[in-house]
Amino acid sequence: MRSPRRPSRVLAAAAGSAVLALLATACTGTPDSGTTDESASGQDVTITFWHGWSQESETKAIDENIAAFQKAHPNIKVKVVPRIEDDKVEQALRAGGPDAPDVVSSFTTDNVGKFCNSKAWIDLNPLLQKSGIDPAKTFPAAMLKYSQFQGNQCSLPLLGDAYGLYWNKTAFAAAGITAPPKTFSEFEAAAVKLTQTEGDSYKQLGFMPNYHGYETALPHYLSQYGVEYFDAQGKSTVHTDPKVAQALTWQKSLVEKLGGFEKLEKYRSGFGDEFSAKNPFHTGQVAMSLDGEWRTASLAEEKPDFEWATAPFPVPDDQAASYGKGYQTGTIVGIARTSKKQTAAWELVKYLTTDTDAVVNFANAIHNVPSTFAALDSPKLTADANFKTFLEIAKNSASNGAPASINGGAFQVSLQNFSYEVEAGRASDLKAGLTATAKEIDAAVDQAK
């Protein structure tokens with residue numbers, strides 16, 4: 001399980017966007033635009049790698065991969081600095097100097113647009129081409145999409161997260177449901193049938209649909225509709241794309257069918273921590289859950305007193321043929337534009353992101369989805385039937401995530417804020433609300449240019 005988790009990714013992106021606002025003026029006199037590359041000669045060199053992992057299993061896995069890299073590249077020594085968040089990266093890239101990182105990773109894919117547009121991270125396309133690496137044949141489509149911005153491949157995927165459906169097989173059997181739902185109408189029927197009321201609350205809830213319900217954020221629903229968010233000119237389409245209104249309407253309808261917003265919120269307030277054995281799916285408080293691949297490791301370790309399984313999250317009925325796709329996000333890695341050792345830095349980035357054994361070993365260690373086609377199909381990958389669900393979601397060409405934007409995840413925050421008003425019944429005019437939201441998104445993008 002990767003540490004920091006993603007329930008607050010959208011909100012973290014907003015903070016990250018503000019932090020990264022200064023990057024555009026921070027990077028001048030850079031190595032890839034003429035400054036001497038101190039590692040180009042092949043002499044002994046030390047590069048610095050900053051990453052955000054913090055748990056012992058995670059840092060151990062990173063260190064093992066670094067050791068293998070150094071063995072294959074004896075002239076390159078890597079100084080590893082763990083537990084680094086984007087705000088510290090921003091400060092270091094502005095300051096430059098010998099203590100600044102050469103290679104940087106980030107959990108916040110929503111900031112890719114900022115990293116690329118500000119040129120805080122260099123465009124890796126020339127290096128990929130020089131190394132004979134075809135990105136489209138190497139990385140799954142959704143991962144490749146969230147690691148670039150307007151053709152600038154300033155980052156590469158370094159493991160990923162795929163989202164699917166967790167379902168309580170014991171509860172399903174008791175309710176007479178024989179298989180996981182594939183469409184939203186099947187999902188609604190199952191959620192209602194699995195719900196058992198107790199007084200003014202629930203003994204068991206089929207599914208928690210509210211937007212504050214851990215991973216049930218609006219972007220995770222919108223991925224099942226295939227929402228793109230922006231047109232070719234970079235203008236928001238949340239008011240003109242009918243799928244956005246459909247998603248909001250569907251969620252609101254499900255909220256009402258399961259007891260209403262206030263009743264659900266009251267029940268949600270009694271849920272335990274998402275990343276503990278008190279998670280409501282672990283405890284049986286909900287019979288179905290939208291979650292990522294890391295949950296399989298937690299459930300296998302904690303062994304709840306019911307049978308469970310995984311499946312792709314359902315899709316809208318009019319898109320039934322697309323069943324099998326899901327929301328994707330993950331970690332990205334890139335090279336700091338301020339680095340004077342970009343040749344050596346690229347060797348490390350290339351190794352971490354494209355060496356099959358390195359990707360597989362890291363995925364096995366921290367139980368995340370591998371980020372290359374070769375690693376996804378590797379016989380060395382540890383994957384039971386429940387984990388394989390997420391591997392198939394990652395390989396599905398229809399899977400998607402939120403696109404990169406020049407101001408990070410601010411557009412998601414704007415849309416999410418409106419969704420809170422909708423589900424609570426405070427915004428009944430979807431057309432007017434989405435039009436206003438689109439104007440807010442466009443204004444923020446224009447201001448960031």
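Keep in mind the model is a prediction, meaning the values are calculated, not measured. (Residues numbered from 1 in each chain as written. Predicted model: local features only at pLDDT ≥ 70, side-chain atom pairs only at ≥ 80, totals over all residues. Heavy atoms only, no water.)

Some remarks on the packing of aromatic side chains
Inference 1: Evaluated as defined, the whole model comprises 26 aromatic pairs.
Inference 2: Judged by centre distance (5.3 Å) and plane angle (85°), the ring pair of tryptophan 53 and phenylalanine 107 falls under edge-to-face. Of the two residues, tryptophan 53 is situated in the loop between β1 (45-50) and α2 (56-72) and phenylalanine 107 in the loop between β3 (103-106) and α4 (112-117); the sequence distance between them amounts to 54 residues. Neither tryptophan 53 nor phenylalanine 107 differs from the other in exposure class; each is buried.
Inference 3: With centroids separated by 6.1 Å and ring planes inclined at 70°, the aromatic side chains of tyrosine 166 and phenylalanine 281 adopt a geometry described as edge-to-face. Here tyrosine 166, found in strand β4 (residues 156-168), pairs with phenylalanine 281, found in helix α13 (residues 280-283); they are 115 residues apart in sequence, far enough to count as distant. (Phe/Tyr/Trp six-rings, centres within 6.5 Å; stacked < 30°, edge-to-face > 60°. Helix = DSSP H or I, 4+ residues; strand = E, 2+ residues; numbered from the N terminus. Buried < 20%, exposed > 50% of the residue type's maximum accessible area, 1.4 Å probe, protein only.)

Here's the deal with the packing of helix α10 (residues 218-225) against helix α19 (residues 410-423)
Inference 1: Running from N to C, α10 and α19 cross one another at 100°; their axes reach a closest spacing of 10 Å. With respect to each other, α10 and α19 are oriented roughly perpendicular. Each of Leu218, Pro219 and Leu222 in α10 lies in contact with α19, whose residues at this interface are Gln412, Leu415, Gln416 and Ser419.
Inference 2: The residue makeup of the contact of α10 with α19, split by class, is four nonpolar, three polar and no charged. (Axes fitted to C-alpha atoms, helices over the stretch in contact; angles between N-to-C directions. Parallel < 35°, antiparallel > 145°, perpendicular 65-115°, else oblique. Contact = heavy atoms within 4.5 Å. Nonpolar A, V, L, I, M, F, W, Y, C, P; charged D, E, K, R; others polar.)

Focus: the pattern of salt bridges
Inference 1: Throughout the structure, instances matching the rule amount to 15 salt bridges.
Inference 2: Glutamate 347 is the partner of lysine 350 in a salt bridge, and the nearest nitrogen-oxygen pair spans 3.5 Å. Taken together, the positions of lysine 350 and glutamate 347, both in helix α15 (residues 342-354) and three residues apart, correspond to about one turn of that helix.
Inference 3: Residue class for glutamate 347 comes out partly exposed when judged on its relative accessible area of 22%.
Inference 4: For lysine 449, the salt bridge identified is with aspartate 446, shortest N-O distance 3.6 Å.
Inference 5: Residue classification places aspartate 446 among the partly exposed positions, given a relative accessible area of 39%.
Inference 6: Residues joined in a network through salt bridges with shared partners are Lys235, Asp446 and Lys449. (Salt bridge = Lys/Arg side-chain N within 4 Å of Asp/Glu carboxyl O.)

What about the pairing of strand β6 (residues 201-204)?
Inference 1: The pairing of strand β5 (residues 196-198) with β6 spans three bridges and is antiparallel. Of the residues in β6, the one forming a bridge with threonine 197 is tyrosine 202.
Inference 2: The antiparallel pairing of β5 with β6 creates a hairpin that spans two residues between the two strands, and glycine 199 there sits at a positive phi of about 65°. (Pairing = 2+ DSSP bridges.)

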